[in-house]
Structure formats: C-alpha cells, structure tokens
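Residues per chain are reported as follows:
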Amino acid sequence: MNQKYKGILCIIASAFCFALMNVFVRLAGDVPSMQKSFFRNLVAFFFALAIMRKDHVGFSGDRKNLLYLVGRSAFGTIGILGNFYAVDHLVLADASMLNKMSPFFAILFSCLILKERVTVKQAIAVTGAFLGSLLIIKPTGFDISRLPALVGIAGGLCAGIAYTFVRLLGTRGEKGPFIVCFFSGFSVAVLFPVLLFSYTPMTWQQLCCLLLAGLAATGGQFGITAAYCYAPAREISVFDYSQIVFSAVLGFFLFGQMPDAFSWLGYGVICGMGVWMFLYQKKQAAA
C-alpha cells in the first residue's frame, strides 16, 4: 500500500480512538484535568512499552533525535493540558474548536520547520474542512480575552508543533512505539508530582472510565504517530476531521444527541473535502 494511503487510514483510525477517549472522559465526571491527563498517559506508557519489547523496538541511537523527542513530549504535554483545561472551563463547542486548530498549526510548522510545500488545493481542502467543523460545533460566546480561551489556543498550537516533531522523528528513523513511549513517560513524570499533592479521590467507575480513556487515547496516539510518520501533514491532516463524524455517531447512540441540520451540512462538507483531497492526491501520484 502507498505510504500516503497508510497515513490516511492511520489518521482516521486515530480519530475514532480519540472520539472514544472523549466519551470516556465525559463519563468520568468531575475529575481535575491534571488527574485525567496523568491516567491518560500512564496507560499509554505501559502499552507502548509492551509493544516496544514485543517488537524489539528501541531508540535509534541518533543523539540529535533526543532534542526532537523532548520537544515533541514537552509540547505534546502542554497541548493535552491546554485541551483538558479548555474542556473543563469553556463551553464544549468552543474547546472543540480550539482543539481542531492543531492540524492548521501542524501544516504551518511543517512549512517552517520541515520546509514542506503546501499547494493551493491542499490549503483550500483543509480550510473547507475547518469551516465544515464550525457548522457542527457552532461555537457561541467565544471571548478571546478569557484565560481559558488563550490556554486552549496555546494547547492547539503546542499540539500542532508536537505533530510536526513526530513527522520529523519519523523521517529520522524513530519508530512510532518508541515515540509514544517516550512522550507518555515524559508526561507521567512531569504530572506525577502535581498529582501527588493534589489527588482527588475517585469511585471505581470513574477510575475505569479514565483507564478506558487512556486505552482509547493510546490507540489514537499510535494511529496519529504512525500517520505523520507515513505522510506529511499537508496531505493527511484533513482526514483528522472525521473525528467529528465519529463523535456525532457515538453521541447519538450513547447520549441520545441528535445533530441538527447545520451539523449534517458540516458532515457533508468535511467528507466532501476529504474525498476531494484523496482524489487529488491519487491524481498527483499517477502523474
């Protein structure tokens, strides 16, 4: 299979896993953002470590990659905290919009850091998908002067930078399981002292939900790490918007949420942009 198509499949699978993660985080109830982030990364760390041992995957040995690994982990951790903080303090639609800014930042920093070119058609497709997501989430009362909004934007920015480092590490020979394990371990180590002094007791149902959220996030992390290792952000980031469609389906069956006409229009726009991008890339490959 073409590397580009592998990247598309991986990012769609990742979107589904992250939609599941949001469901379990919602079911976990009123638990501090730091605590949710810790359990999310703790599960991912042990899962990634097990896969590394099974597949005999480790560090490539290139010391220059250590700086990029730390950069990916630091910006990724800030991105998660920013996203969870926004979810806890903003209207969910506003927080979702801020989270969906990360693919744009990934493309921007791919141009700045990796010197990857973006065509006009690719820019139109990504912009169209973003506009389609606005039809679905319909953000209201968004005030950029509020601290949670600024933190949410910073989270999306940091996530975009982190994905750029993932792409860079993939081109420099680092394997997905090691990148995920390093990032998860880094996040757990950073968050543990905070959790140690501000732990909030949980019921076993809340603990199970957070562990399942961590498992789903692990699948999403492996998927998106593999995706950006297979292909540049400008070619596959548009497919990350399939998470909105998955979230709508899960929301209907689990929470009885029925999308309105604007949401359905947004689904059509997103799917249309995704199909157009796929056909465009296929034509470019044939040429």
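Located above this text is the structure these notes cover.
Residues numbered from 1 in each chain as written. Predicted model: local features only at pLDDT ≥ 70, side-chain atom pairs only at ≥ 80, totals over all residues. Heavy atoms only, no water.

Trainee: I keep staring at the overall build of the protein chain and nothing clicks. Help me out?
Mentor: For the protein chain, the helix and strand inventory stands at 12 helices and 0 strands. Seen in sequence order, the protein chain has helices and strands lined up from the N terminus as α-α-α-α-α-α-α-α-α-α-α-α. With 287 residues in all, the protein chain has 49% of them scored as buried. For the protein chain, the accessible area works out to roughly 13,500 Å², and carbon and sulfur atoms hold 71% of it. For the protein chain, the distance from the average site of its 22 positive side-chain charges to the average site of its 11 negative ones is 9 Å. (Helix = DSSP H or I, 4+ residues; strand = E, 2+ residues; numbered from the N terminus. Buried < 20%, exposed > 50% of the residue type's maximum accessible area, 1.4 Å probe, protein only. Areas by Shrake-Rupley, 256 points an atom, 1.4 Å probe, with all protein chains shown as cover. Lys, Arg positive; Asp, Glu negative; His and termini not counted. Charge placed at Lys NZ, Arg CZ, Asp CG, Glu CD.)

Trainee: Could you clarify how one ought to interpret helix H12 (residues 261-286) in this entry?
Mentor: Residues lying three or four places apart along an α-helix face the same way, a consequence of the helix completing one turn every 3.6 residues. Between the first and last C-alpha of H12 there are 38 Å, a value that for 26 residues agrees with the 38 Å anticipated at 1.5 Å per step. Among all positions of H12, only Ser-263, Gly-266, Tyr-267, Ile-270, Gly-274, Met-277, Tyr-280 and Gln-281 are buried. (Expected span 1.5 Å × (residues − 1).)

Trainee: So what exactly am I meant to see when it comes to the side chain of Ser-242 here?
Mentor: Inspection of the secondary structure assignment puts Ser-242 in helix H11 (residues 242-255). Looking at Ser-242, its side chain comes within polar contact range of the main-chain oxygen of Phe-239, at 2.8 Å. Residues contacting Ser-242, with those up to four places away along its chain left out, are Ile-12 and Ala-15. (Polar contact = N/O pair within 3.5 Å; in protein donor to acceptor, adjacent residues only side chain to side chain. Contact = heavy atoms within 4.5 Å.)

Trainee: How should the environment of Ile-236 be read in this particular structure?
Mentor: If you trace the backbone, Ile-236 turns up in helix H10 (residues 233-236). The spacing of Ile-236 and Leu-114 is 122 residues in sequence and 16 Å in space, taken between C-alpha atoms. Not counting chain neighbours up to four residues away, the residues in contact with Ile-236 comprise Lys-4, Gly-7, Ile-8, Ile-11, Ala-227, Tyr-228 and Ala-231.

Trainee: Whenever I open this one, the packing of aromatic side chains confuses me. Can you help?
Mentor: A ring pair, where both rings are aromatic, is described by two values, the distance of the centres and the angle of the planes. Tallied over the full model, the rule gives 12 aromatic pairs. Members of the aromatic cluster, each reached through a chain of ring pairs, are Phe-38, Phe-39 and Phe-192. It is Arg-72 that lies over the ring of Phe-183; its NZ or CZ is 4.1 Å from the centre. (Phe/Tyr/Trp six-rings, centres within 6.5 Å; stacked < 30°, edge-to-face > 60°. Lys NZ or Arg CZ within 6 Å of the ring centre and 35° of its normal.)

Trainee: Would you mind going over the packing of helix H1 (residues 3-28) against helix H9 (residues 204-230) with me for this structure?
Mentor: The geometry of H1 relative to H9 is characterised by a closest axis approach of 7 Å and an angle of 165° between their N-to-C directions. The angle between H1 and H9 places the two elements in the roughly antiparallel class. The element H1 and its partner H9 pack so that their crossing is left-handed. When grouped by side-chain class, the residues that make up the contact of H1 with H9 number 21 nonpolar, 8 polar and 1 charged. (Axes fitted to C-alpha atoms, helices over the stretch in contact; angles between N-to-C directions. Parallel < 35°, antiparallel > 145°, perpendicular 65-115°, else oblique. Left-handed = near helix turned anticlockwise from the far one by under 90°. Nonpolar A, V, L, I, M, F, W, Y, C, P; charged D, E, K, R; others polar.)

Trainee: Got a minute to help me understand the side chain of Lys-36 in this structure?
Mentor: The topology assignment puts Lys-36 in helix H2 (residues 33-55). Lys-36 sits in the buried class, given a relative accessible area of 7%.

Trainee: Would you explain the environment of Leu-195 in this entry?
Mentor: Following the sequence through the fold, Leu-195 ends up in helix H8 (residues 176-197). With 77 residues separating them along the chain, Leu-195 and Gly-272 place their C-alpha atoms 44 Å apart. Leave out the neighbours within four places in its chain, and Leu-195 touches Gln-35 and Phe-38.

Trainee: Looking at this model, I keep getting lost on the pattern of salt bridges. Mind explaining?
Mentor: Note on pairing: side chains with opposite charge can pair once their charged atoms come close. Summed over the entire model, instances satisfying the criterion amount to 2 salt bridges. A salt bridge links Lys-54 to Asp-55; the nearest nitrogen and oxygen atoms lie 3.6 Å apart. The salt bridge partner of Asp-62 is Arg-172, with a shortest N-O separation of 3.0 Å. Of this pair, Asp-62 sits in the loop between H2 and helix H3 (64-89) while Arg-172 sits in the loop between helix H7 (147-171) and H8, and the two are 110 residues apart along the sequence. Relative accessible area serves as the criterion here: at 28%, Asp-62 is assigned to the partly exposed category. (Salt bridge = Lys/Arg side-chain N within 4 Å of Asp/Glu carboxyl O.)

Trainee: Quick question: what am I supposed to make of unusual backbone geometry here?
Mentor: Glycine aside, negative phi is the norm for most residues, and most peptide bonds take the trans geometry. Even without being glycine, His-56 reaches a positive phi, approximately 55°. Secondary-structure assignment places His-56 in the loop between H2 and H3.

Trainee: Before we go on, may I ask you to explain the nonpolar core in this structure?
Mentor: Soluble globular proteins tend to bury their nonpolar side chains together. Counting residues in hydrophobic clusters, the biggest one holds 38 residues, and the most contacted among them are Tyr-228 and Ile-236. Here this core takes 5 residues from helix H6 (residues 120-137), the largest share from any one element. (Core = buried A, V, L, I, M, F, W, Y, C linked by side-chain atoms within 4.5 Å.)

Trainee: How should I be thinking about the packing of H2 against H8 in this particular structure?
Mentor: Relative orientation of the contacting elements H2 and H8 amounts to 145°, with a least axis distance of 8 Å. The interaxial crossing formed by H2 with H8 has left-handed handedness. Across the contact of H2 with H8, the residue classes break down as 19 nonpolar, 6 polar and 1 charged.

Trainee: Honestly, the environment of Ser-187 in this entry has me stumped. Any pointers?
Mentor: Topologically, Ser-187 is positioned in helix H8. As a C-alpha pair, Ser-187 and Ser-73 span 114 residues in sequence and 7.0 Å in three-dimensional space. Aside from chain neighbours lying at most four places away, what touches Ser-187 is Asn-41 and Thr-77.

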